[in-house]
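Survey of secondary and tertiary structure
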Amino acid sequence: MIINKYQLIIFDLDGTLVHTTAEYRYFIVPYVLNKIGVSKKPSLKLIDKFWFDGDRNKTIQNNFNCDKDLFWKIFHKEDNAQQRVKYTHAYDDVKESVKKLKKLHKLLAITTGAPKWIAKIETNLIPKNDFFKITSITSTRYKAKPHPESLIGC
């Protein structure tokens, strides 16, 4: 079995162990844009690009046609734990999969680009005691993914 070759397995959070529903991003992004005064509602495809792409600022400027600093100021005000927690869920197989990996004596870690408050919401949905290290890049001095610094840190 190929997994026997590995001692350490490092996971991301959102989209890997947990999932923030599309319903949330399809609500929050247009809501923020509307508050800024952008009248044209972005397509779902553009919202997905913003949510999953590495260069969000480029999407904000080129596709949402607004100032990135203003967008982020409003986004960070509106994107809060009370809202987000309702739309964030662990994948059905996470607990069972983690349990199997622990039985194989694998070291498990998490590195995420999510801010610490979001990482806290997400890790509360999984068996976080089974992970020897959980790192939020935005709360450390590690460079943003895809730079390997946080992986090396684990």
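Residues numbered from 1 in each chain as written. Predicted model: local features only at pLDDT ≥ 70, side-chain atom pairs only at ≥ 80, totals over all residues. Heavy atoms only, no water.

On to the overall build of the protein, then. Along the protein, the regular secondary structure elements total 8 helices and 5 strands. Reading the helices (α) and strands (β) of the protein from amino to carboxyl end gives β-β-α-α-α-α-α-β-α-β-α-β-α. By its C-alpha atoms, the protein is 55 × 30 × 25 Å across when sized along the principal axes. Across the 154 residues that make up the protein, the buried fraction comes to 34%. Taking the intrachain contacts of the protein between residues at least 6 apart in sequence as the baseline, contacts between residues at least 24 apart amount to 65%. In the structure as shown, the protein presents an accessible area of about 9,700 Å², 53% of it carried by carbon and sulfur atoms. Of the charged side chains in the protein, 27 are positive and 16 negative, and the gap between their average positions amounts to 3 Å. (Helix = DSSP H or I, 4+ residues; strand = E, 2+ residues; numbered from the N terminus. Buried < 20%, exposed > 50% of the residue type's maximum accessible area, 1.4 Å probe, protein only. Contact = heavy atoms within 4.5 Å. Areas by Shrake-Rupley, 256 points an atom, 1.4 Å probe, with all protein chains shown as cover. Lys, Arg positive; Asp, Glu negative; His and termini not counted. Charge placed at Lys NZ, Arg CZ, Asp CG, Glu CD.)

Attention shifts here to the side chain of Arg 25. Relative to the helices and strands, Arg 25 resides in helix α1 (residues 22-36). A polar contact of 2.7 Å, which involves the side chain of Arg 25, links it to the side chain of Asp 48. (Polar contact = N/O pair within 3.5 Å; in protein donor to acceptor, adjacent residues only side chain to side chain.)

Another point: the packing of aromatic side chains. Under the criterion given, the structure shown has 14 aromatic pairs. Taking the centre distance of 6.0 Å and the plane angle of 80 degrees together, the rings of Phe 11 and Phe 131 count as edge-to-face. Taken as a pair, Phe 11 in strand β1 (residues 8-11) and Phe 131 in the loop between α7 (116-123) and β5 (133-136) lie far apart in primary sequence, 120 residues in all. Phe 131 shares its class with Phe 11; the two are buried. Measuring from centroid to centroid gives 6.5 Å for Trp 51 and Phe 75, while their planes differ by 65 degrees, and the two rings are edge-to-face. With Trp 51 in helix α2 (residues 44-52) and Phe 75 in helix α4 (residues 68-78), this residue pair connects regions lying 24 residues apart in the sequence. Residue Phe 75 is classed as buried on the basis of its relative accessible area, which comes to 3%. Taken together, the ring pairs in this structure connect Tyr 24, Phe 50, Trp 51, Phe 64, Phe 71, Trp 72, Phe 75 and Tyr 87 into an aromatic cluster. (Phe/Tyr/Trp six-rings, centres within 6.5 Å; stacked < 30°, edge-to-face > 60°.)

Right, let's get into the side chain of Thr 111. One can find Thr 111 in strand β4 (residues 107-112). In this structure the side chain of Thr 111 is engaged in a polar contact, spanning 2.8 Å, whose partner is the side chain of Ser 150.

Looking now at the pattern of salt bridges. Counting across every chain of the model gives 6 salt bridges. We note a salt bridge from Lys 35 to Glu 78, for which the minimum N-O separation is 3.2 Å. In this pair, Lys 35 sits in helix α1 while Glu 78 sits in helix α4, placing the two residues 43 residues apart along the sequence. Assessed through its relative accessible area of 45%, Lys 35 is described here as partly exposed. Salt-bridge contacts for Asp 53 lead to Lys 49; the nearest nitrogen and oxygen are separated by 2.8 Å. Given a relative accessible area of 37%, Lys 49 falls into the partly exposed group. (Salt bridge = Lys/Arg side-chain N within 4 Å of Asp/Glu carboxyl O.)

In this section: α1. Given a rise of 1.5 Å per residue, 15 residues ought to cover 21 Å, and the 22 Å separating the end C-alpha atoms of α1 matches this to within 8%. Turning to α1, its buried residues are Tyr 24, Arg 25, Ile 28, Val 29, Pro 30, Val 32 and Leu 33. Where the residues of α1 are buried, they touch β2 (18-20), α2, α4 and α5 (81-84). (Expected span 1.5 Å × (residues − 1).)

Our focus in this paragraph is the confidence of the model for the protein. Looking at the protein, pLDDT values average 90 and 100% of them are 70 or higher. When pLDDT is averaged over each element of the protein, α1 comes out on top at 96 and β5 at the bottom at 82. (pLDDT = per-residue confidence, 0-100.)

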